[in-house]
Amino acid sequence: IDRRRGSIFGDAEARHIGHGRLGVRWRRSRRRGGLRLRRLGRALAGGRAHGGARPLLAAVDRDAIAGLRRRVGLVHQDTQFLDHLPVAENIALPMMVAGEPIDMDAIRDLLAWVQMTGQARSMPPALSGGERQRAALARAVILSPDLVLADEPTGNLDPATADEIMDLLLGINRRGTTVVMSTHNARAVNKARKRVLELRNGVLVRDEHDAQYEGEA
């Protein structure tokens, strides 16, 4: 799959991995229905490429791996916040982990972008589902990544809130960031009208641009 900046698509299955490409092998889980992000992590950290090739990053040092992590933002279905830290500090966590100085101006700008300026000091348990997902999006892009991986970002949200999350994801995409989203939400897919890759029993059965969910007209 070509990881071109500014593309957005759904479930993906790698065919081969070459220079300048991102090889991903994800399957849907009937129990949880999201991305198996750990498969990607294992592949990048020393797993095997498609066809049993050598580990993808076997010859890459730790500094290079850390640089790669800064180029990928994650949006988990369950948001994965540290409940003892306020929202602003949760958003800043990628900066802390990367050893970068905390940019309060960037955090304030992102809080304004997701319409959560008033919740900067709120604790995660006090947030609604939609607020948690909006804050998770802010955290995912705090380091200006090239790629955002979103695992069922509209799961368990009402249609109006899900539409707001999709608008934010599409906004990220319009600014040139590649977005990979796993979803069962037909409304979200149809709203995006972007590239759709469909997996059935682990097999890629559809790859269409400007597509809708399951071929809906």
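Calculation criteria
- Residues numbered from 1 in each chain as written.
- Predicted model: local features only at pLDDT ≥ 70, side-chain atom pairs only at ≥ 80, totals over all residues.
- Heavy atoms only, no water.
- Patch = residues over 30% accessible without salt bridge, like charges linked within 9 Å, V, L, I, M, F, W, Y side chains within 5 Å.
- Areas by Shrake-Rupley, 256 points an atom, 1.4 Å probe, with all protein chains shown as cover.
- Salt bridge = Lys/Arg side-chain N within 4 Å of Asp/Glu carboxyl O.
- Helix = DSSP H or I, 4+ residues; strand = E, 2+ residues; numbered from the N terminus.
- Buried < 20%, exposed > 50% of the residue type's maximum accessible area, 1.4 Å probe, protein only.
- Pairing = 2+ DSSP bridges.

### A look at a nonpolar patch on the surface
On the surface, Met96, Ile102 and Met104 cluster together into a nonpolar patch covering about 250 Å² of accessible area. Within the element layout of this structure, Met104 appears in helix α4 (residues 104-113). Taking the relative accessible area as the measure of exposure, Met104 reaches 40% and is therefore partly exposed.

### Here's the deal with the pairing of strand β4 (residues 72-75)
Residues Gly73 and Val75 line the buried face of β4, whereas the alternating positions Val72 and Leu74 sit on a face that is not buried. Bridge analysis of β4 against strand β5 (residues 147-151) gives 4 bridges, and the strand direction is parallel. Paired with Gly73 across the strands is Val148, a residue of β5.

### Observations regarding the pattern of salt bridges
Within this structure, the stated rule accounts for 11 salt bridges. In this structure, the salt-bridge partner of Glu208 is Arg206, at a minimum N-O distance of 3.3 Å. Of the residues examined, Glu208 reaches a relative accessible area of 36% and is grouped as partly exposed. A relative accessible area of 10% means that Arg206 is categorised as buried. If you follow the salt bridges from partner to partner, you end up with Glu198, Arg200, Arg206 and Glu208 in one network.

### Some remarks on the pairing of β5
Every other side chain in a regular strand lies on the same face of the sheet, so the side chains alternate between the two faces. Taking burial as the measure, the 5 residues of β5 include 5 buried ones, the bulk of the element. Of the two faces of β5, the one holding Leu147, Leu149 and Asp151 and the one holding Val148 and Ala150 are both buried throughout. Summarising the sheet, β5 and strand β6 (residues 178-182) pair through 5 bridges and their orientation is parallel. Across the sheet, residue Ala150 finds its bridge partner in β6, namely Met181.

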